[in-house]
Structure formats: structure tokens, C-alpha cells
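What follows is the residue order along each chain.
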Amino acid sequence: MRDDKKQDKHEAITTAAYALLADKGYAGASMLSIAKAAKASNETLYRWYGDKRGLFEAMARDNAQGIRHRLEQALSDDQDAMEALEQIAPLLLSMLLDNRAISLNRAAAADPSRELGAAISAGGRDEIVPLIRSLISRLAIKDTDGLNPTDLFVTLLVGDLQIKRAIGALPPLSQEQVTQRASEALISFRKLAGLA
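Here is a short report on the structure shown in this document.

Cut-offs used in this document
- Residues numbered from 1 in each chain as written.
- Predicted model: local features only at pLDDT ≥ 70, side-chain atom pairs only at ≥ 80, totals over all residues.
- Heavy atoms only, no water.
- Helix = DSSP H or I, 4+ residues; strand = E, 2+ residues; numbered from the N terminus.
- Contact = heavy atoms within 4.5 Å.
- Areas by Shrake-Rupley, 256 points an atom, 1.4 Å probe, with all protein chains shown as cover.
- Core = buried A, V, L, I, M, F, W, Y, C linked by side-chain atoms within 4.5 Å.
- Buried < 20%, exposed > 50% of the residue type's maximum accessible area, 1.4 Å probe, protein only.
- Phe/Tyr/Trp six-rings, centres within 6.5 Å; stacked < 30°, edge-to-face > 60°.
- Arc of directions from axis to C-beta.
- Salt bridge = Lys/Arg side-chain N within 4 Å of Asp/Glu carboxyl O.

## Topic: the overall build of the chain
When helices and strands are tallied, the chain shows eleven helices and zero strands. Beginning at the N terminus, the succession of helices and strands in the chain can be written as α-α-α-α-α-α-α-α-α-α-α. Referenced to the eigenvectors of the C-alpha coordinate spread, the extents of the chain come out at roughly 55 × 40 × 30 Å. Intrachain contacts of the chain at a sequence separation of at least 6 include 73% that bridge at least 24 residues. If you sum the accessible surface of the chain, you get close to 10,300 Å²; carbon and sulfur atoms cover 51% of it.

## Focus: the nonpolar core
In terms of nonpolar packing, the biggest core is built from 34 residues, with Leu71, Leu85, Leu92, Leu135, Phe153, Leu157 and Phe189 touching the most fellow members. For this core, the secondary-structure elements that each account for two or more residues are helix H4 (52–76), helix H5 (81–97), helix H8 (125–136), helix H9 (149–158) and helix H11 (175–192). The leading source of residues in this core is H5, at eleven residues. If we skip the residues at most four places from it in the chain, Leu92 touches Ile67, Ile128, Ile132, Phe153 and Leu157. Ile13, Phe56, Ala58 and Ala107 belong to the second-largest nonpolar core, a separate cluster that totals 26 residues.

## As for the packing of aromatic side chains
Counted according to the given criterion, the structure contains three aromatic pairs. Relative to Phe56, the ring of Tyr26 has its centre 5.2 Å away and its plane inclined at 75 degrees; by these criteria the two rings are edge-to-face. Here Tyr26, found in helix H1 (residues 3–28), pairs with Phe56, found in helix H4; they are 30 residues apart in sequence, far enough to count as distant. On the accessibility criterion, Tyr26 (4% relative accessible area) is buried. By relative accessible area, which is 0% here, Phe56 ends up buried. Judged by centre distance (6.2 Å) and plane angle (80 degrees), the rings of Trp48 and Tyr49 are edge-to-face. Tyr49 gets classed as buried once you look at its relative accessible area, which sits at 12%.

## Here's the deal with helix H3 (residues 42–49)
Residues that lie three or four places apart on an α-helix share one face, since the helix turns once every 3.6 residues. Residues of H3 that are buried: Thr44, Leu45 and Tyr49. Projected onto a plane normal to the axis of H3, the buried residues spread over an arc of 100 degrees and lie on a single side. Away from its buried face by more than 90 degrees, H3 exposes Glu43 and Arg47. Buried-residue contacts for H3 involve H1, helix H2 (31–38) and H4. Phi turns positive, to about 85 degrees, at Gly50, one or two residues after H3.

## Some details on the pattern of salt bridges
Applying the stated criterion to the full structure yields seven salt bridges. Here Arg61 makes a salt bridge to Glu127, at a shortest N to O gap of 2.8 Å. Here Glu127 lies in helix H8 and Arg61 lies in helix H4, a separation of 66 residues in the sequence. As a salt-bridge pair, Lys164 and Asp160 come within 3.6 Å of each other at their nearest N and O atoms. Overall, the relative accessible area of 33% leaves Lys164 in the partly exposed class. Given the relative accessible area of 37%, Asp160 is considered partly exposed. One salt-bridge network, held together by shared partners, links Arg53, Glu57, Arg61, Arg68 and Glu127.

What follows is the structure, encoded as C-alpha cells:
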């Protein structure tokens, strides 16, 4: 199968998976039901993703792809770390608060097996946080009162916004709100890390 046809089929599969996830939760979104909704064979899903966890891990990886690429580029180009964080922070926050990420997190919170949460972490956080850590390690950080600088950055940026979105206590943020939040987080990060 040509790459563009495979990508189209992958998009159909993930679209079907998100729809079933929202409707039936992680436990109810079987590989067979996803295959049927995507007009794909069950064999194709198992061949491409291995199992249901593999499919949802791929979906989380898809969500984080743009951020991962941007971080890898900043690291390979030896870009100024603070400048890179300024560019990446609003992109990261937008990705973490978008409807697909929130859908995955809502379903993970309701999944008693904890399998979906592990898949999301493997496809997203476990790949992105080490890249952020590598970028932040280039900064001449003086003091963060014993806090891990990467955790400090992520906490200041995201805070409880993702959980508020997941439980419906916060509507989607506008791009202006995301940019403002990222800017405020970076100001606080600079001060707390002794970079201001």
C-alpha cells in the first residue's frame, strides 16, 4: 500500500477510535468495532498496531508529533534554550488542551485497567518530557528551591488546566488565552529558576 493510502487509512482508524472512545469508553472500544467503523480489517489493525494499547499509544504519539519534531529540531540545531521554550510553550499547551488529548485523558480517567493511561504516557509524556529536560539542561539555572526544573516548567505551564478541561470545568482556551498563559508561565519560570 502506498504511504498516502496507508496514512488515509490510519486517519480513518484513529477517527473511528476517537468516536468509539467518546461513546463507549476504552473498555467498549474493541479493535473489531474500531475496524468496522473505519471500514478496515481487524487483521490490519492488529498488524499495524499489535493490540488495542498499541493503537491508542500511536494515537497519543500522533498528537505529540509536532511538539516532538519541534523539540528535536531545537536540540539538533543547538537553538538558544530559552528562545526555544518561548516558541514551544504555547504549542505544547495547545496540544495538551486540544479535544483529542482531552478525549484520551477523560477515557483514561474512567479506565479501571489503567491500560489507556499507560499507553497515553508511553506515546506522549514519556517521549516529550526527556526532550524538554534536555533543552532545559542547557540553561544556567541557579535555584528552583529543590524543584526539578523540568517539572517546574511543566507545572507552571499546564497547572490544572488539563484536568479542568477533562472534567468539563473549563471550556477550550482561545489561542490568545494559550499564548497569555504560556507567556506568564515563562516569566514565572525565569524568576523561579534565577534566569530573570
